[in-house]
Amino acid sequence: MLKLYVTAFFLSLSGLVSGQSLSAVEKKVLATARQIQPETEQFLEKVVNVNSGTLNLEGVRENGRLMAAEFEKLGFKTEWVPLPDSLGRAGHLVATRQGNRGKKLFLIGHLDTVFEKSLPFDPFTRVNDSTAAGQGANDMKGGDVLIIAALKALHAHGLLDDTSITVYFTGDEESGGGPESRRDFIERARKCDLALAFEGAQGLTHVTTGRRGSSSWTLKIASRTGHSSRIFSDLGYGAIFEAARILNEFRRALGQEKYLTFNPGLIVGGSDVRYDAASAKAETSGKTNIVAPVALVKGDLRFISEAQKESARARMREIVEKSLPLTKATITFEDGIPAMEPSDKNENLRKVVDQLSRDMGLGPVLSGDPGARGAGDVSFVAQYLPCLDGLGASGRGAHSIEETINLKEYPLLIQRAALLIYRLTK
Ligand SMILES: [Zn+2]
């Protein structure tokens, strides 16, 4: 036992010395990544300056063309996966190479950003030597360019030869086109051994082994109506009291469960209710002296596993069914993005990054809090193969005009990604 401790102690100590536990080949890869860093950042600037809001289909495709050209230079075959016009999404970029060495990798990025063309354009700007601002700088053009730079550093030393790598950059991560838009993504991922996703990193210290899934629900309530003086007697309780009962019971019964959240985002009730899904707008009318015959609530539901999702839905249905007299409520659930459930297979991948990070002298890498993250593309394939996310660029303010990328950590994240891909495909 003591001996083990001593060994572990010296291992971690040696990790503090930069590059101590890296092979000669690995050191060469790092040197190349450092050398090409200026051109990597120039390319990042170029792609950030192409607006690619999800609904700017031409911008998403242009961004895809720029990135495809880089993959071609590295010996990848590229193709554009088109989608039916009815989905209103640009499609996806796929870059592949086939070989027999090491693990078959599936690398995930996305070409789109939340910044549609209608918003004021915010070009790539260097704020100081460690920060640059710009739309999608960290979410996630920074991650896309990081993948390209890491592969470039490996390619320079012939280390991509005979590897099997599929790079999949979706065109609609920020506003998904529905299940049809992820079919090809899932099919290709299932032919690989493991998936690495390069969404924004929590710096160098954490990676994502679990992400919550998201889904939505609609609660509709009908009740008898008439003069308000007859509420609590022959007219029962009305739709609005029933809505209040149900929501309050949801909160009391399920509100403290770890990783589970459900947010009623919209509620309307009265004599008449209209809801328009496209604009997410509702209209209602009602009078204080009329018992409300109708109410509508729309909410989301976030969960860490399918089991948690199903269990929450069952308990919510149960609550809904215990109607107050002369009211009738129904709840419907709609699937969104599945959860990436924390698992041993994801944890084993984290250990590979952890060891690598120590070998690079960057210290340990832990799992981030799954509750703190939204859903992402990796979640669509997490049930099929070992997955890791949060390997991309770090920064702040994603989805806001204050989005920045951390340029101090960026070169190290690129270097770490290059060696991670190398170790997994060796
Ligand atoms: Zn993203």
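Parameters at a glance
Along each chain, numbering runs from 1 in the same order as the chain's sequence is written. This being a predicted model, a pLDDT of at least 70 is required before a residue's local features are given, and a value of 80 or more before pairs of side-chain atoms are given or counted; all residues contribute to the totals for chains, interfaces and linings. To get the side-chain values, take all heavy atoms of the structure and skip hydrogens and water. Only the six-membered ring of Trp is used, alongside the rings of Phe and Tyr, when aromatic pairs are assigned; centres must lie within 6.5 Å, and planes under 30 degrees apart are stacked while those over 60 apart are edge-to-face, with the rest tilted. Exposure classes here rest on a 1.4 Å probe applied to the protein chains alone. A residue is buried below 20% of its type maximum, exposed above 50%, and partly exposed in between. We call a charge positioned above a ring when the Lys NZ or Arg CZ atom is no farther than 6 Å from the ring centre and deviates by at most 35 degrees from the ring normal. The nonpolar core is taken to be a set of buried Ala, Val, Leu, Ile, Met, Phe, Trp, Tyr and Cys residues, with the residues joined through side-chain atoms within 4.5 Å. A helix here means a DSSP run of H or I that spans at least four residues, while a strand means a run of E at least two residues long, and both kinds are numbered starting from the N terminus. Donor atoms (N, O, S) are those found within 2.8 Å of the metal centre, with the cutoff raised to 3.2 Å for Na, K and Ca; water is not part of the atom list, so apparent gaps in a site can occur. Note that the domain bounds reflect an automated or database-derived domain assignment. Here, residues are in contact when the closest pair of their heavy atoms is within 4.5 Å. Buried area is understood as the total, over both parts, of accessible area removed when two parts are fitted together, assessed with a 1.4 Å probe. Basic side-chain nitrogens of Lys or Arg form a salt bridge, by our definition, when they fall within 4 Å of a carboxyl oxygen of Asp or Glu. Whenever two N or O atoms come within 3.5 Å, that pair is a polar contact, provided that in protein one can donate a hydrogen and the other can accept it, and provided that, for residues adjacent in sequence, both atoms are side-chain atoms. Angles shown run from 0 to 180 degrees and are taken between the N-to-C directions of axes, each axis being a line fitted to C-alpha atoms and, for helices, limited to the stretch in contact. Here is the rule for angles: anything less than 35 degrees is roughly parallel, anything more than 145 is roughly antiparallel, 65 through 115 is roughly perpendicular, and the remaining ranges are oblique. Helix crossings fall into two classes, left-handed where the near helix is turned counterclockwise from the far one by less than a right angle and right-handed where it is turned clockwise. Under the grouping applied here, Gly and all other residues not named as nonpolar or charged are polar, the nonpolar ones being Ala, Val, Leu, Ile, Met, Phe, Trp, Tyr, Cys and Pro and the charged ones Asp, Glu, Lys and Arg. Expected span of a helix, by definition, is 1.5 Å for each gap between consecutive residues, and there is one gap fewer than residues. At least two DSSP bridges between two strands are required for those strands to pair.

## Quick look at the packing of aromatic side chains
Tallied over the full model, the rule gives 9 aromatic pairs. Where Phe232 meets Tyr237, the ring centres are 5.6 Å apart and the plane angle is 50°; that geometry is what we call tilted. Overall, Phe232 belongs to the exposed group, its relative accessible area being 53%. Their ring planes at 45° and their centres at 5.8 Å tell us that Phe232 and Phe241 sit as a pair that is tilted. Among the aromatic side chains, those forming a connected cluster through ring pairs are Phe71, Phe76 and Phe169. Looking at Arg97, its charged tip hangs above the ring of Phe76, at a distance of 5.4 Å from the centre. Above the face of the Phe185 ring, Arg182 is positioned so that its terminal group lies 6.0 Å from the ring centre.

## A few points about the nonpolar core
In this structure, Phe71, Leu151, Val167 and Leu196 are the most contacted members of the largest nonpolar core, which totals 66 residues. Examining the composition of this core, we find that 10 residues originate from one element, helix H10 (residues 410-425), more than from any other. Leu219, Phe262, Val297 and Phe303 belong to the second-largest nonpolar core, a separate cluster that totals 23 residues.

## Some points on the coordination of the zinc ion
Taken together, His110 (NE2), Asp139 (OD), Glu199 (OE) and Glu199 (OE) make up the protein donors of the zinc ion, found 1.8 to 2.7 Å from the metal. Each donor residue of the zinc ion lies on one chain, and together they are spaced H-x28-D-x59-E. Pair noted here: His110 is in strand E3 (residues 101-110) and Glu199 is in the loop between strand E7 (194-197) and strand E8 (206-207), with a separation of 89 residues, a long-range link. Residue classification places His110 among the buried positions, given a relative accessible area of 1%.

## Comments concerning the domain arrangement of the protein
According to the domain assignment, the protein consists of domain 1 (14-211 + 340-425) and domain 2 (213-337). Listed per partner, the contact involves 12 residues of domain 1 and 9 residues of domain 2. A combined buried area of about 650 Å² lies between domain 1 and domain 2, and 71% of that area is made up of carbon and sulfur atoms. Along the contact surface separating domain 1 from domain 2 lie 0 salt bridges. Run the count over domain 1 and domain 2 and you get 0 residue pairs in polar contact (both at pLDDT 80 or more).

## As for the environment of Asp389
Its location among the elements puts Asp389 in the loop between strand E16 (387-388) and strand E17 (395-396). What makes Asp389 buried here is its relative accessible area of 0%. The spatial distance from the C-alpha of Asp389 to the C-alpha of Lys309 is 21 Å, given a sequence separation of 80 residues. Excluding anything up to four places from it in sequence, Asp389 contacts Ala197, Phe198, Glu199, Val207, Thr208, Arg211, Met340 and Val378. A distance of 3.2 Å separates a polar atom in the side chain of Asp389 from the backbone nitrogen of Glu199.

## Some thoughts on the packing of helix H3 (residues 37-48) against helix H4 (residues 57-73)
Here H3 crosses H4 at 155°, and the two axes come no closer than 10 Å. Regarding the angle of H3 to H4, the classification is roughly antiparallel. Between H3 and H4 the crossing geometry is right-handed. Residues Phe43, Lys46 and Val47 of H3 touch H4, and the partners they reach there are Asn63, Leu66, Met67 and Glu70. Its residues assigned to classes, the contact of H3 with H4 comprises 4 nonpolar, 1 polar and 2 charged.

## Focus on helix H7 (residues 238-254)
Compared with an ideal rise of 1.5 Å per residue, which puts 17 residues at 24 Å, H7 spans 24 Å between its outermost C-alpha atoms and is within 8% of the ideal. The set of residues buried in H7 consists of Gly238, Ala239, Glu242, Ala243, Arg245, Ile246, Leu247, Phe250 and Leu254.

## Structural notes on the sheet that holds strand E9 (residues 213-223)
A sheet is described by the order of its strands in space; here 4 strands give the open sequence E10-E13-E9-E14, paired in antiparallel fashion. Each edge of the sheet is formed by a strand with only one pairing partner; in this case those strands are strand E10 (261-270) and strand E14 (327-337). For this sheet the average axis-to-axis angle between neighbouring strands, irrespective of direction, equals 15°. Of the pairings in the sheet, the one linking E9 to E14 comprises 10 bridges and is antiparallel in character. Its bridge partner being in E14, Ser216 is matched across the sheet by Glu334. Strands in contact with helix H8 (residues 306-321) are E9, strand E13 (294-303) and E14; relative to E14, the strand with the most contacts, it is inclined by about 165°.

## Details of unusual backbone geometry
The amide bond that connects Asp139 to the next residue, Met140, takes the cis arrangement and shows omega of -10°. In this structure, Met140 sits in the loop between strand E5 (131-133) and helix H5 (141-155). The residue Phe232 is not glycine, and still its phi comes out positive at about 75°. A positive phi angle, close to 70°, is found at His399, a residue other than glycine. With respect to the element layout, His399 can be found in the loop between E17 and strand E18 (404-406).

## Notes on the packing of H3 against H5
Two numbers describe how H3 lies on H5: the axes approach to 10 Å, and their chain directions differ by 145°. The two elements H3 and H5 cross, and the hand of that crossing is right-handed. In this structure, H3 uses Glu39, Thr40, Phe43, Leu44, Val47 and Val48 to contact H5, whose residues at the interface are Lys141, Gly142, Val145, Ile148, Ala149 and Lys152. Looking at side-chain class alone, the contact of H3 with H5 contains 7 nonpolar, 2 polar and 3 charged residues.

## Concerning the sheet that holds strand E2 (residues 92-97)
The strand order across the open sheet formed by 6 strands is E1-E2-E6-E3-E7-E16, and the pairing between neighbours is mixed. The open sheet has two edge strands, strand E1 (77-81) and E16, and neither has a second partner. Note that E2 and strand E6 (residues 163-170) share 5 bridges and pair antiparallel. From the neighbouring strand, Ala95 faces E6, where its bridge partner is Val167.

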